[in-house]
Amino acid sequence: MSEIVIKKAGADQFSPCVRALIVGDTGSGKTSYATTFPNPTFITTGKNLTTLARNGSNYIQIANENDLFNVKVALDKGEFTTDTLVIDMVEDLQDILFKQRFAAEKRDPWNVKNEDWNWLGAKMNGIFESLSELPVHILYLSRTKDVGGYDGEQLVVKPSVIGSFANQIYNYVDYALFLERRGPVEPESEFEEKTFLRTCPSVKYPWVNDKTDSLPNFSEFYFSEFLKSREIAIQKSDEKVLEVDLLEPVTDAPNKDTEVPGMSKQDKIAKMLKQQ
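Residues numbered from 1 in each chain as written. Predicted model: local features only at pLDDT ≥ 70, side-chain atom pairs only at ≥ 80, totals over all residues. Heavy atoms only, no water.

*Asks:* For this particular structure, what's the right way to read the overall build of the protein?
*Replies:* From N to C terminus, the protein includes eight helices and eleven strands. Surface summary for the protein: the accessible area is close to 16400 Å², and the carbon and sulfur share equals 50%. (Helix = DSSP H or I, 4+ residues; strand = E, 2+ residues; numbered from the N terminus. Areas by Shrake-Rupley, 256 points an atom, 1.4 Å probe, with all protein chains shown as cover.)

*Asks:* In this structure, what is going on with the packing of helix α4 (residues 90-104) against helix α5 (residues 114-132)? I would like to understand it.
*Replies:* The geometry of a pair of packed helices is captured by two quantities: the angle between their axes and the separation between those axes. Here α4 crosses α5 at 125 degrees, and the two axes come no closer than 11 Å. The orientation of α4 relative to α5 falls into the category oblique. Between α4 and α5 lies a crossing of right-handed hand. Here V90, L93, Q94, L97, F98, R101 and F102 of α4 come into contact with α5, specifically with E115, D116, W117, W119, L120, K123, M124, I127 and F128. Partitioning the contact of α4 with α5 into residue classes produces eleven nonpolar, one polar and four charged. (Axes fitted to C-alpha atoms, helices over the stretch in contact; angles between N-to-C directions. Parallel < 35°, antiparallel > 145°, perpendicular 65-115°, else oblique. Left-handed = near helix turned anticlockwise from the far one by under 90°. Contact = heavy atoms within 4.5 Å. Nonpolar A, V, L, I, M, F, W, Y, C, P; charged D, E, K, R; others polar.)

*Asks:* Please explain empty space enclosed by the protein as it appears in this structure.
*Replies:* A probe matching the size of a water molecule, rolled over the atoms, marks out where space remains unfilled. A full pass over the atoms with the stated rule returns one cavity of 30 Å³ or more. Volume-wise, the largest cavity comes out at about 40 Å³. Elements that contribute at least two residues to the lining of the largest cavity include exactly β2 (40-44) and β4 (84-88). A breakdown of the residues in the lining of the largest cavity according to their chemical character gives five nonpolar, two polar and one charged. (1 Å grid on protein atoms, 1.4 Å probe; cavity = no way out; pocket = protein on both sides within 12 Å on 5 of 7 lines; lining within 4 Å. Points joined across faces, edges and corners; volume = space filled by probe spheres on them.)

*Asks:* Mind showing me how you'd approach the packing of aromatic side chains here?
*Replies:* Aromatic rings considered in pairs are described by the distance between their centres and by the relative angle of their planes. Throughout the structure, instances matching the rule amount to nine aromatic pairs. For the pair F128 and Y140, a centre-to-centre distance of 4.3 Å together with 20 degrees between the ring planes defines the contact as stacked. You can see F128 sitting in helix α5 and its partner Y140 sitting in strand β5 (residues 137-142), a full twelve residues away along the chain. For the pair shown, F128 and Y140 are each scored as buried. Cluster of aromatic residues (ring-pair linked, three or more members): F98, F102, W117 and W119. (Phe/Tyr/Trp six-rings, centres within 6.5 Å; stacked < 30°, edge-to-face > 60°. Buried < 20%, exposed > 50% of the residue type's maximum accessible area, 1.4 Å probe, protein only.)

*Asks:* Looking at this structure, I do not really get the side chain of T51. What am I missing?
*Replies:* Here T51 lies in helix α2 (residues 49-55). According to the relative accessible area criterion, T51 is buried, its value standing at 15%. Ignoring sequence-local partners within four residues, the contact set of T51 consists of T31 and S32.

Structural data, given as C-alpha cells:
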C-alpha cells in the first residue's frame, strides 16, 4: 500500500509571480494599466498598436499558435527577457486560433460545430498551462460583453472570452478584476480621470475574484498593491498554520518561549512569527 502524505498549504503554495485577468470596456485603459507592471512585453494580434505606440511599449505580434509557442521557447532559452508578459487580448488569441483552424480545413468560419468549440477549449487550456510555467508576471486582458438585461432580467457584464474556456480561465489566475475609468461629471471639472479596479464580486460582476482575499475592495492601485496583497496573504496563511499547530495536543514539555502563563493564543502566534 502506498503511503499517503498530508501536507499543510501555506506560503509555498502562493505563486511568486502575479497571475491576473484584467477586464474592462473598450477604451477603459486596460493596455495602459498593464504598462504600470515592471518591464512588460505585450503579445498582440495587431489590434491595439496605437496604445502601445503611445506608451513606447515592447510588443510581439503573433498571427498563429506557432508564433506564441516561439515566444515561450525564446523566453525559456533566454533569447529575450521580460518581467511581465501581457496577453492583449484573450479573445483576439481565440479568434486567430479559430481562423487558423478554418483556413487549414478550408471551411466556412461561420459554420462552427460542437467539435470546434471542444477543440478551442482544449487549445486554450494547453496554452494557458504552458504560459503558467513561465517565471514572469502574466496579465491576461479582455474586453467586456453584456449578458441579459432584457425584460427585467439582471444585466451581467462578463469577459468577452468565448466557449467553455470562458469559465475555465479563472483556474489560471489569482486575480480576476474589472477595470473602469472614473472621470469628472462636468467637462471643465478640475478632477482628473482615474483608473479603478473592482476586486470583489457583485450581482453585475459575479466573476470578479481576489483569491488572496487581501486587495482593497474598490480603489485606485497599481502593481505595488499586488505585491503587498501577496505578502499579506502569505502572512495570514502562516498565522493559520501556526494557529492549527497551537491547537494540537501537546505531549512534550511546554515551550518556555510560547507557553507563558496567561498568554493568549493570538499573542503566542505573534511571538512565534517574530521568532521566525
